[in-house]
Amino acid sequence: MLVNKGFASVAQHNPPAVDVTSEPSKDKSEPPSENRIVEELFSTLSHSTDDAVSEPDHEAPSPAFPHPDDQAPTEEISNNLNTLTLSEPPVETRLTYTEQTLPDVGVRFDVNVTQVDRPDLVYIIQRASVTEGETSLSDDSIDNTAFSAYEDLTELWELSENINSDGFFGEDAKVPSNQVKKGMACIGRYSSDGQLYRALVLRVDHEEGVADLEYVDYGTKETVPIESIKPISHALLSLPVQSSKVRVYGLKPRKDAEGKKLHDSDWTVETMKEFYNMVANKRLIAEIIDKTISPPTIHLYDRCLREDSTTGQTDDVLIGQLMQNNNLAEYEI
């Protein structure tokens, strides 16, 4: 087992998909349990006195991925960090990240959910299994993006190790506050674990001295002091964004749902809690339905043991169908 800076411990090859603890787990031997994750997240939400509750904003942006020494890809991965020079000026807003290439329509592929804005709007990371030691739920052989997805995740680990290493950024490495603009690529320090991640500026409030960031490789968002934002180089932009924002096809909130609602949404806090129970800490299966719209729509499946099975037979069941069966949502396939 290896513990990597910026990543949770790799106790097994199926890491936690959503880490919503307010602090990193002190026990690095295994990821936190689903029940504790949900209890800690929604104990805060359930004590809110507001009529509307904002979406949880403290999901740790770093699920665990296999260390390259554990599962080295069959081809050498280029390290684009060698060209980084900290004397480069801050990247301007016209320099942006490259989007991840999703598999073709109809191809099923393994994913982790890294961020949930609403039950029908989530961020996923592709989890390809191209070497021994991992068990894939889908057939990687028909997914022409599987190997590149694995290479990208390994490069993301290397990138995280580098930008969080001692001396990578000097004490004066920061973006002047008057140069921080909406749409600017940058490096931000995530408050829950103190680690640096690639980010995008969503909003700037110069009077308050804060900016809203999205950590682009995970979809997590938070507000940070402007003075904490660091510049990003061309080399750090070359890796495609690893998380993809997608819409779960056919999933809608119940019209008669009662209880506190998420901010600017008809989804209830209780439904969010149940959805987290379904997707946290597990490998799921996604299938692209439509890539021509933004965000793309997907089917999201969980592999479930058949109730009447005596030999361990399983079925891939739509998450939307499970939500509807439990009277948590409306679902139209």
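Residues numbered from 1 in each chain as written. Predicted model: local features only at pLDDT ≥ 70, side-chain atom pairs only at ≥ 80, totals over all residues. Heavy atoms only, no water.

A. Spotlight on the overall build of the chain. Helices and strands together make up the secondary structure of the chain, namely five helices and 14 strands. When each of the 333 residues of the chain is scored for burial, the buried share is 51%. Long-range contacts, defined as pairs at least 24 residues apart, comprise 67% of the intrachain contacts of the chain with a sequence gap of at least 6. In the form shown here, the chain has an accessible surface area of approximately 16000 Å², with 44% of it arising from carbon and sulfur atoms. (Helix = DSSP H or I, 4+ residues; strand = E, 2+ residues; numbered from the N terminus. Buried < 20%, exposed > 50% of the residue type's maximum accessible area, 1.4 Å probe, protein only. Contact = heavy atoms within 4.5 Å. Areas by Shrake-Rupley, 256 points an atom, 1.4 Å probe, with all protein chains shown as cover.)

B. Spatial organisation of the pairing of strand 11 (residues 284–290). Here strand 11 lies mainly inside the structure; five of its seven residues are buried. Relative to strand 11, strand 2 (residues 108–118) runs antiparallel, the two sharing four bridges. Note on strand 11: the bridge partner recorded for Phe109 is Ala286. In the sheet, strand 11 pairs with strand 12 (residues 297–305) via five bridges, with the strands oriented antiparallel. Its bridge partner lying in strand 12, Ala286 is registered against Leu300. Between strand 11 and the antiparallel strand that follows it, strand 12, lie six residues. (Pairing = 2+ DSSP bridges.)

C. Molecular detail of helix 2 (residues 146–163). Between its first and last C-alpha, helix 2 extends 26 Å over 18 residues, near the 26 Å set by a 1.5 Å rise per residue. Within helix 2, 14 of the 18 residues are buried, leaving the element largely enclosed by the surrounding structure. (Expected span 1.5 Å × (residues − 1).)

D. Molecular detail of the packing of aromatic side chains. With the rule as written, the count across this model stands at five aromatic pairs. Aromatic side chains Tyr190 and Tyr215 sit 5.4 Å apart centroid to centroid with 80 degrees between the ring planes, which places their arrangement in the edge-to-face category. In this pair, Tyr190 is assigned in the loop between strand 4 (185–189) and strand 5 (196–205) and Tyr215 in strand 6 (residues 210–215), connecting sequence segments 25 residues apart. Look at Tyr215 and you get buried, because its relative accessible area is 0%. Here Tyr197 and Tyr215 contribute two aromatic rings whose centre-to-centre distance is 5.9 Å and whose plane-to-plane angle is 70 degrees, an arrangement assigned as edge-to-face. Note that Tyr197 is positioned in strand 5 and Tyr215 in strand 6, a separation of 18 residues in sequence. Members of the aromatic cluster, connected to one another through ring pairs, are Tyr190, Tyr197, Tyr215 and Tyr218. Directly above the aromatic system of Tyr301 lies the positively charged group of Arg108, at a separation of 4.0 Å from the ring centroid. (Phe/Tyr/Trp six-rings, centres within 6.5 Å; stacked < 30°, edge-to-face > 60°. Lys NZ or Arg CZ within 6 Å of the ring centre and 35° of its normal.)

E. Region of the structure containing the side chain of Asp212. If you trace the backbone, Asp212 turns up in strand 6. Take Asp212: its relative accessible area is 18%, and that puts it in the buried class. At 2.7 Å, the side chain of Asp212 forms a polar contact with the side chain of Arg203. Here Asp212 is in contact with Leu200, Val201, Leu202, Arg203, Glu222 and Thr223, once residues within four sequence places are set aside. (Polar contact = N/O pair within 3.5 Å; in protein donor to acceptor, adjacent residues only side chain to side chain.)

F. Up close: the sheet that holds strand 5. The four strands lie next to each other as 4-5-6-7, forming an open sheet whose pairing is antiparallel. In this open sheet, the two edge strands, each paired with only one partner strand, are strand 4 and strand 7 (220–225). Strand-to-strand, the axes of this sheet are offset by a mean angle of 50 degrees, without reference to chain direction. Across six bridges, strand 5 lies against strand 6 in antiparallel orientation. (Axes fitted to C-alpha atoms, helices over the stretch in contact; angles between N-to-C directions.)

G. Region of interest: the nonpolar core. Counting 33 residues, the largest nonpolar core has Ile163, Leu213 and Ile229 as its most contacted members. For this core, the secondary-structure elements that each account for two or more residues are helix 2, strand 4, strand 5, strand 6 and helix 3 (234–237). Residues within four places of Ile163 in sequence aside, it is in contact with Phe168, Phe169, Ile187, Leu196, Tyr197 and Leu236. In this structure, Leu102, Leu262, Ile298 and Met323 belong to the second largest nonpolar core, which totals 32 residues. (Core = buried A, V, L, I, M, F, W, Y, C linked by side-chain atoms within 4.5 Å.)

H. Structural context of the pairing of strand 6. With respect to burial, strand 6 is a largely interior element, five of its six residues being buried. Linking strand 5 back to strand 6 in an antiparallel pair, the connection comprises four residues, with Gly209 at a positive phi of about 75 degrees. Two elements, strand 6 and strand 7, share six bridges in a ladder whose sense is antiparallel. Pairing of Asp212 across the sheet is with Thr223, part of strand 7.

I. How the structure looks around the pattern of salt bridges. Under the definition given, this model contains twelve salt bridges. Two residues, Asp120 and Arg118, come together in a salt bridge whose shortest N-O distance is 2.9 Å. Asp120 gets classed as buried once you look at its relative accessible area, which sits at 8%. With its nearest N and O atoms 2.8 Å apart, the salt bridge here joins Asp256 to Arg254. Note on Arg254: relative accessible area 27%, which makes it partly exposed. Each of Arg108, Glu287, Arg303 and Asp316 takes part in one network of salt bridges that share partners. (Salt bridge = Lys/Arg side-chain N within 4 Å of Asp/Glu carboxyl O.)

J. Summary view of the confidence of the model for the chain. This prediction gives the chain a mean pLDDT of 76; 70% of its residues lie at or above 70. Counting interchain partners and residues more than four positions distant, the pLDDT-below-50 stretch residues 1–60 has 152 contacts. Confidence over residues 62–93 falls short of pLDDT 50; this stretch has 88 contacts with residues more than four positions distant or in other chains. (pLDDT = per-residue confidence, 0-100.)

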